[in-house]
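A structural walkthrough
Spelled out, the chains give:
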Amino acid sequence: MNEMDFRVTSNDGTTIAYDRKGSGPAVVLVGGALDDGAENAPLVPALAEHFTVYNYARRGRGASGFTEPYAVEERSRTWMR
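Below is a short write-up of the structure. (Residues numbered from 1 in each chain as written. Predicted model: local features only at pLDDT ≥ 70, side-chain atom pairs only at ≥ 80, totals over all residues. Heavy atoms only, no water.)

This paragraph deals with the pairing of strand β1 (residues 6-9). One ladder, built from 4 bridges, connects β1 with strand β2 (residues 15-22); its direction is antiparallel. For R7, the partnering residue across the bridge sits in β2 and is A17. From the end of β1 to the start of β2, which pair antiparallel, there are 5 residues, and G13 there has a positive phi angle of about 95°. (Pairing = 2+ DSSP bridges. Helix = DSSP H or I, 4+ residues; strand = E, 2+ residues; numbered from the N terminus.)

Take a look at the structure:
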């Protein structure tokens, strides 16, 4: 599991773990469905030389939580407001 230094809480109360490295324009690394942040971690040092890199553990993976019930439809409607 990839240890992460930061946490943010989503609208439904789920804690999402992430790391932030570097400075400059933001780059968010998005891993696969099972990613705990380790998948993209090798990219961070090189990108952090020029960017602020955000690497996160997906919901229910690694140090991120999983709050049920979870519905993609509800989250999508909230984000589109």
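Here we take up the packing of aromatic side chains. One pass over the full model with this rule turns up 2 aromatic pairs. Relative to Y18, the ring of F6 has its centre 5.4 Å away and its plane inclined at 25°; by these criteria the two rings are stacked. Of the two residues, F6 sits in strand β1 while Y18 sits in strand β2, which places them 12 residues apart along the sequence. Where Y18 meets Y54, the ring centres are 6.3 Å apart and the plane angle is 40°; that geometry is what we call tilted. Of the two residues, Y18 sits in strand β2 while Y54 sits in strand β4 (residues 52-56), which places them 36 residues apart along the sequence. One residue, R20, lies across the ring of F6, its end atom 4.5 Å from the ring centre. (Phe/Tyr/Trp six-rings, centres within 6.5 Å; stacked < 30°, edge-to-face > 60°. Lys NZ or Arg CZ within 6 Å of the ring centre and 35° of its normal.)

Right, let's talk about the environment of K21 for a bit. Of note, K21 is situated in strand β2. For the pair formed by K21 and E49, sequence separation is 28 residues and the distance between their alpha carbons is 8.9 Å. Not counting residues up to four positions away in its chain, the partners in contact with K21 are D5, V44, A48, F51, T52 and V53. (Contact = heavy atoms within 4.5 Å.)

With that settled, consider the environment of D35. Structurally, the position occupied by D35 is in the loop between β3 (26-29) and α1 (44-47). For the pair D35 and G60, spaced 25 residues apart in sequence, the C-alpha to C-alpha distance is 9.5 Å. Ignoring sequence-local partners within four residues, the contact set of D35 consists of N40, Y56, A57, R58 and R61.

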